[in-house]
Every structure is written in C-alpha cells, then in structure tokens.
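Next come the chains, spelled out residue by residue.
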Amino acid sequence: MGKKTTGSVINLVIVESPAKAKTIEKFLGPDYLVKSSYGHIRDLSKSDFGVDIENGYKPDYIVSKDKKEIVKELKGLAASAKMVWLASDEDREGEAIAWHLYDVLGLTEENTRRIVFHEITKEAIQNAVKNPRKIDYNLVNAQQARRILDRLVGFELSPVLWRKVKPSLSAGRVQSVAVRVLVEREREIFAFKPVTSYRVTAIFTVIDDKGKQINLKSELSRRFESFDETRAFVEQCKDAKFVVSQVEKKPMTKSPAAPFTTSTLQQEASRKLGFSVSQTMSVAQKLYEAGKITYMRTDSVNLSEMALNMAASQIGEKMGEAYVHNRQYKTKAKGAQEAHEAIRPTYLDKETVSGTGAEKKLYELIWKRTIASQMSNAKLEKTIIHIEAGETGEKFVATGEIIKFDGFLKVYIESSDSEKDQDDGKDVLIPPMDKGDELQLQNIEARQRWSLKPPRYTEASLVRKLEELGIGRPSTYAPTISTIQQRGYVDKEEREGVERVYKHILLENNELIVSDKVEITGAERNKLFPTDIGMVVNDFLVKYFQSVVSFDFTANVEKEFDEIALGKVIWSESIDDFYKPFHKIVENTLEQSEKSTGERILGEDPTTGKSVSVRIGRFGPLAQIGESTTEEEGEKPRFASLRKGQHLETITLEEALDLFKLPRTLGQFEDKDVVIGIGRFGPYIRHNSKFVSLKKGVDDPLEIDLDTAIVRIETKREEDNKKLIKTFEQEEELQILNGRWGPYIKYQKKNFKIPKDKVAEELTYEECLELIKADNNKKTKPSSKTKATAKKTAAKNTTVKKTSTKKTSAKKTTKKK
C-alpha cells in the first residue's frame, strides 16, 4: 500500500496496516511514501523457548516466512530514504513493532523518527510529524516482558498437561485465570439450590387528573414462603378495603456514563448490538484506520479540549444550551496505559459514516456515548404509593418514575448485564392521590417464584470481571476470550429453556381461582460454558500451580508490566523473579503429581455388577463400565461418550447407564438396519452406511422411533438430491454439486472451484478433469522467487545460529518435553 515511486525516497513512513497507510497517505505531500509492515515482522523462534534463559532471558527473534518479502522491500526503500518515520500505534504493541522495524531494517537515530497519534486526521498526522520522538524502550521492554513471560509459561506448562491430563493441551498465563473465573461460576451454579417464594401483585383502578380511568400496578412489600400462607392472604383480600397510607415524592438525577474505553465499548457493543468481543475490536480497528474514530485500545476516559468544544457546539446546535454540560471523567481502571484519550469519533459533527452495517452501528454507538457524556444530567421524580390491604397488616407498593428533564437520556441509555427485569415500575405516570384515598381493586395475582441462580458470564461480563480483578489490559481482552474458546476449554452457546410448573392464584370479581401454569425457564443466550476438559485442567493448575492462576498474582504481574513501562523496574529481573520458582514447581509436578482425568465413580452396573465411572478420555469426556485391564486379566471395559450438556461433575448413574443403550437398532428400512448412535459430532442415524443427524432439540436418541428416523432419512435424501447437479458414468466419485457459494466440483474428497464464465450443468467429464488439474497446479507450483528467498534465508539462519548453552535445569525440562 502506498504511492509508487521510481526514484529515491525522501520520506518513508511505515505503519502496521495497509488500511492505515491508505488513510495517512492522503494527509502527507508528494515527498512522503507510506508503506505497511502488515503487523509484527518478527516473533520469538520456537526452538528452546525462543528465549536464552541463561543470558538474561535474551529473546531469539526471527522474521516469519510470510514477512520476508515485505522486509526485503522495506529494507530497500529505507536504504534510499533520507528519513524513515515509524508510525505504528501508540501503545506497547505499536512501540514494539516500531523497535523491531528499527532493528531489522538497520536504521540509525540520525535518519529515524518515531511519531504517534491517537486519531488519523490531517491535523493529528501533521502535528505528529512536527513533534517526533525517539523509540520509548520502556514501552518496548514492557511488551517484550509480557511476550517472554507468556512464552515461558506456555512452553513449560503445556507439556505438563500433555503428560498429566491429556495430549495436545496447552495453557496460557492470563487465559488460565479467565477459565478459572468461568469454572468457579459454573460450580456456584451446580451447587445452587433455588428457594421458592410467592410474589403477589395487585392492579387498582384509579382516575387521573383528566378524569380518565387508568390501571395502577403494585406489588406486595414482602413475599410469602408457602402456598398456604399466600392463599390465606389472598382470601383475606376478598372483602378488604385498600387505602393509601403514604405518598412519597423524591427528586432524582441521573448522570451520563463516561466515554468509551476498550472494555466498556466491548461490553456495550455486546449488549446493544450483539457483537462478540473480537468482532467489536475488528470493526473498531477498521473505523480507526479509516480515520473515523480515535485509537480503540485505551483505558482512559479523558476527552481532549478540542473534543469537548466540538461536543458542546453540536449539543447546543441540535438540542439547545440547556443540554450542554462539559465534564471530564477520571480513569478508574487499574494501571491505565499510555493512550491518553477515550474512544470517540474524530469529528463529532458526523452522526453517521459510510461503511458496512456493522461499522455504521458501532460508529453511531460511539458517537451517542461521546455526545451523551457531555450533556446535562436527567432530572426525574420518583413517586412511591403505600397501600394498606384492609386488616391484613400487609401493604402494596406502587412505584413510578417520571422524567422531568430528559438531558442525556435524549441521546443515550446505558445497558445492563442484569438478568432481572429492568423496567418494572419505571417511566410510569402515577396520577395525583392523597393519603386516605380508597382504591378500587381490579385483581390480585400470586405467582410461585424461585430465587435466581448466579448468572453465567457473557463475553462482555467476563471482560468487566477481568477488568475488576486487574487482569489483562485493553489489548489482551479479545485475544484471551478467543483463545480459551479455540482451545476447547470454553464453549459459547445458546441453550433452550425447560418447562417448569408453578402455582398461580388469581382473585378477580371476588372469586378465587387456583391453578397450575407452565413457563419456560433457564434459557441461555450467548453464554460462556466451561467444558469438562476446561474444568479438569483448571483443577490441576489450581492444585499444582496455585500462584500462576491466582487472581491477585496475575493482577500483580500486570502492575509489574506497568512499572516496566514507566522505567521503574528492569524487565529481565522481573522475569527472573517469576521464572526460577515457577520452573522448580514444573519439575516437581512432573516428578511427583498423579495423572488427572477428573474421574468420578458413580456406582455399579446392576446387570454386570461392575463399577460405572466417568472421566476425560483421549477424545473427550466418557462413561466407563468396568475397570481398565490388560487382555490377560480378562474382559475389556466398555466406553460411551457423554452427550452435549452432560458434565462429569453432575451426571447421575442412571444417565451414564443410558449412554450404553446406544447404539440401538430400531428396525429395518429398505432391507437395511436403522441404527441410532452418538458420535463425535452428536447423535446420528446410520442407514445403508450413510449418516443422518438427529433434529436438534426435537429428537432424543434414546426415544426416537423407526417412523421418525425414516422421515429424517428421506428428508436428507431430498436435500442431497437438490444439492447434486451432475454425475459422470466414467467416474462416480466425480460430482458437480450446488454449494453455499455456488456450484463446485467434488473429486476424491476435495472441492474445486468452477470459474464464473463456465455453466456447471454443461461441463463435460474432460472439462472437469482439466479444471481439477489447473487448480492443483496453481496450488502446488512455487515461484522461482520464493525458492531463491527460502534458500538465501536458510543459509543466513545457519550462519547466525546461536551457540550458547542453556542451564542444566533448562536442558532437563526441554528433554522431558
């Protein structure tokens, strides 16, 4: 990305993204060439941790294969440039990118300038060029310390998990703590015992100041514990008089929330727009690089003087001076980093921007939040009416909230993660009434209710929790949450609710009606569920590596990184303080700990008398009948995979035994057996060597009958027939199919594109083979340039290979791995 040039370059500007390069290029004159490094150009090597432990934890950086051509181009341009401007982002990660470029390109202080800006506007870019600085090595060291510490923890912990829990597992410092937060909440939910009570509400008919009849909703000031007590109270209300005993009016004010930080943007985009944390950051990155918002990785809530003035001007013009209230907020986050302004639009006079639907939605959310933060408080009046229920000694309470002056509410209302109803009794106009007024009862309703279990975390609420604990920083929230899902420790799911019967009492027209009603409860939307393997790994780490997954310890490590960034702590000493005791724990755990599979004995199989247990197996959680034995000792144990939604910690003996009823044969269809089973991807029907999935949420593998299974088989056939466009007599394995993105060729379990200028239905057998051949050649043929570069790199790496030796303890660990 950038202007093409044929002669020497006067000023070379290097940024980390092509989109950012394209935007910046518009603001600089013809003497500037803007190029992108496409992120980091090098990383730690994968041999021997990529860290020389003996030599002060010196990192061994290598240029990645996909960046060699980019580095070669940048080296050539830098060599001919009079001045090189390193313009990567202003946080620690951006500072590290600038340093790596400086080091790899062989730049000097005389011909290099470091420039930073928190928004990509003409004024900001030109101001940055006028006020360059040197690379801040304290920020570089803070980033380097995080990277090295995470590498040491990951490379040492993962082999322990391979040997002691399950092969192919991995562990990370911050990720392990995030999983612990989720596991502890899940166990709270497992242990939760709901308490039942009865909520009583009443509706009264009242006349407002215009003579209009309206309904006044109220709720009893307490809840009853038993059905009999509730029924007795409602019976007493049959002939009772309902009199207003007290009227309270309280003025209230509400203040707007602060402008967005990274954390609050992720939370609010999740609540209001349904975005995942990673999606929010991806869209925000595009908005920033296009010059539409300020830098999106920040924990500051400050706004610049220019932004405050722009906001005041916009609010005054659009809504009037009464709505203007400039204010600065104080950052509450632990260890706020280097970026010194909140996330806001670069130009507040633009309510919306061009771009994708997601970009428009996120931009408008940021615009509203920024504008609202500089608007007047909302003024409200809360009215509370106390109503005596005859001689029962109980009181109903009606609450209303009236907006007297909307202030910032005209633009923006902050959302909440609470699962309770947020709107009960709000924005309700209560007509004027006085103490002693008698009210006309319309009905009384009593419903059986249950106490709410602790809510599971969403991505947004997990970010808030990590921030409260001081774990992670703006740049780490999204990758942490993505990583724990990718590793299979956590699932993000929607789960359907279940039916629940509750007692219902209704008093209407002096008649009492008691009934049982049904409701759906327990539905979960986009919640984070720790998997069985995630829980077993967490328990192992908590038992043997308590300090590594301790909330306080992880927060203190973050503070240490902040101290390094300020130049108050030497990064290598900080790493040393952690690594030496940590390495001893690793060695002791490898030698002394037992294998951990989360095994739980459930009881005995009534048919065989053998023990029934559940544990983590090679392919995930499973149930087992019988003990693990050798062939000489006797019969081998039987195994069955747990079903989705079942857990090692909560599955019962009966549920585990049901798993061994599968696979089960339902009967025959077209002279072939119809078999129901559970595989790696869930329950299935097997017929004539073909597999059909059961209908999610409808078919139970233990209850489905032959007729339903036949319907599923025939439905799958119809879908497959619609998918099939053409087959060939010469070779049945060659097919033309209809896919999600259009027709394609399937051959030998591989898919091949059909060019847009070809009509799929008209393709011959020979033409299909030609397209397959052309596609294979395109994928496998390397360019001569790539070969030459690879040879050159290999030769260079051989020359500069390190000869230093590690400590005996480090060798020992590597050998064990």
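To be clear, the structure that these remarks concern was listed above.
Owing to the predicted nature of the structure, the values given are computational and were not obtained by experimental measurement.

A. How the structure looks around the packing of aromatic side chains. If you walk through the whole model with that rule in mind, you get 18 aromatic pairs. Centre to centre, the rings of Phe-204 and Phe-396 are 6.1 Å apart; their planes meet at 80°, and the pair counts as edge-to-face. Of the two residues, Phe-204 is situated in strand E9 (residues 196-207) and Phe-396 in strand E13 (residues 395-405); the sequence distance between them amounts to 192 residues. Looking at Phe-396, the relative accessible area reads 0%, which means it is buried. Residues Tyr-684 and Phe-691 carry aromatic rings whose centres are separated by 5.2 Å and whose planes lie at 75° to one another, so their mutual orientation is edge-to-face. In textbook terms, an aromatic cluster arises when at least three aromatic residues are bridged by ring pairs, as seen for Phe-204, Phe-224, Phe-233, Phe-242 and Phe-396. Looking at Arg-180, its charged tip hangs above the ring of Phe-551, at a distance of 5.0 Å from the centre. Taking the ring centre of Tyr-412 as reference, the NZ or CZ of Lys-272 above it sits at 5.0 Å.

B. Looking closely at the nonpolar core. Residues Phe-117 and Leu-362 are the most contacted members of the largest nonpolar core, which totals 149 residues. Considering every element that reaches this core, the biggest residue donor is helix H5 (residues 137-164), with 11 residues. If near-sequence neighbours (up to four positions away) are discounted, Phe-117 is found in contact with Lys-20, Ile-24, Ala-87, Glu-90, Ala-124, Ile-125, Ala-128 and Tyr-288. Counting 28 residues, the second largest nonpolar core, distinct from the first, contains Leu-216, Phe-396, Ile-444 and Leu-512.

C. Summary view of the pairing of strand E1 (residues 11-15). Among the 5 residues in E1, 5 count as buried, and that is most of the element. Judged by which residues are buried, E1 turns out to be covered on both faces: Asn-11, Val-13 and Val-15 on one side and Leu-12 and Ile-14 on the other are all buried. Judged from the 4 bridges that link them, E1 and strand E7 (residues 83-86) form a sheet pairing that is parallel. Paired with Ile-14 across the strands is Leu-86, a residue of E7. In the sheet, E1 pairs with strand E2 (residues 32-36) via 5 bridges, with the strands oriented parallel. Along E2, the bridge assignment pairs Val-13 with Val-34.

D. Layout of helix H9 (residues 277-289). The end-to-end C-alpha distance of H9, which contains 13 residues, comes to 18 Å, matching closely the 18 Å that a straight helix rising 1.5 Å per residue would cover. Buried within H9 are the following residues: Val-277, Thr-280, Met-281, Val-283, Ala-284, Gln-285, Leu-287, Tyr-288 and Glu-289. Those residues of H9 that are buried lie in contact with helix H1 (18-25), helix H8 (262-273), helix H11 (357-373), helix H12 (459-469) and helix H13 (477-486). Looking at the residues trailing H9, positive phi occurs at Gly-291, about 80°.

E. Molecular detail of the packing of H8 against H11. The geometry of H8 relative to H11 is characterised by a closest axis approach of 11 Å and an angle of 115° between their N-to-C directions. As H8 packs across H11, the resulting crossing turns out to be right-handed. For the pair H8 and H11, contact is made by Thr-264, Leu-265, Glu-268, Ala-269, Lys-272 and Leu-273 and by Lys-361, Leu-362, Leu-365, Ile-366 and Arg-369, respectively. Looking at the contact of H8 with H11 residue by residue, the classes come out as 6 nonpolar, 1 polar and 4 charged.

F. Spotlight on the sheet that holds E1. Strand order in the open sheet made by the 4 strands is E2-E1-E7-E8, with parallel pairing throughout. Lying at the two open borders of the sheet, with one neighbouring strand each, are E2 and strand E8 (112-114). Here the strands of the sheet are splayed against their neighbours by 20° on average, with no regard to which way each runs. Running at roughly 165° to E2, H1 makes contact with E1 and E2 of the sheet. Helix H2 (residues 68-80) contacts E1, E2 and E7 of the sheet and is inclined by roughly 160° relative to E2.

G. Representation of the environment of Ile-214 in the model. Position of Ile-214 relative to the elements: it lies in strand E10 (residues 213-220). When the C-alpha positions of Ile-214 and Pro-431 are compared, they lie 8.7 Å apart, and in sequence the two are 217 residues distant. Once residues within four sequence positions are removed from consideration, Ile-214 is found in contact with Phe-204, Thr-205, Val-206, Asp-208, Leu-429 and Pro-431.

H. Representation of empty space enclosed by the protein in the model. Counting across every chain of the model gives 4 cavities of 30 Å³ or more. Put simply, the largest cavity is a space of about 90 Å³. Lining the largest cavity are 13 residues, with Ser-176, Val-179, Tyr-489, Val-537 and Leu-541 positioned closest to its centre. For the lining of the largest cavity, the elements supplying multiple residues, two or more each, are helix H6 (173-191) and helix H14 (532-544). Considering each element in turn, the lining of the largest cavity owes the most residues, 4 residues, to H14. Grouping the constituent residues of the lining of the largest cavity by class yields 6 nonpolar, 6 polar and 1 charged.

Analysis parameters
- Residues numbered from 1 in each chain as written.
- Predicted model: local features only at pLDDT ≥ 70, side-chain atom pairs only at ≥ 80, totals over all residues.
- Heavy atoms only, no water.
- Phe/Tyr/Trp six-rings, centres within 6.5 Å; stacked < 30°, edge-to-face > 60°.
- Helix = DSSP H or I, 4+ residues; strand = E, 2+ residues; numbered from the N terminus.
- Buried < 20%, exposed > 50% of the residue type's maximum accessible area, 1.4 Å probe, protein only.
- Lys NZ or Arg CZ within 6 Å of the ring centre and 35° of its normal.
- Core = buried A, V, L, I, M, F, W, Y, C linked by side-chain atoms within 4.5 Å.
- Contact = heavy atoms within 4.5 Å.
- Pairing = 2+ DSSP bridges.
- Expected span 1.5 Å × (residues − 1).
- Axes fitted to C-alpha atoms, helices over the stretch in contact; angles between N-to-C directions.
- Left-handed = near helix turned anticlockwise from the far one by under 90°.
- Nonpolar A, V, L, I, M, F, W, Y, C, P; charged D, E, K, R; others polar.
- 1 Å grid on protein atoms, 1.4 Å probe; cavity = no way out; pocket = protein on both sides within 12 Å on 5 of 7 lines; lining within 4 Å.
- Points joined across faces, edges and corners; volume = space filled by probe spheres on them.

Note that all results are geometric; they support no functional claim without further evidence.
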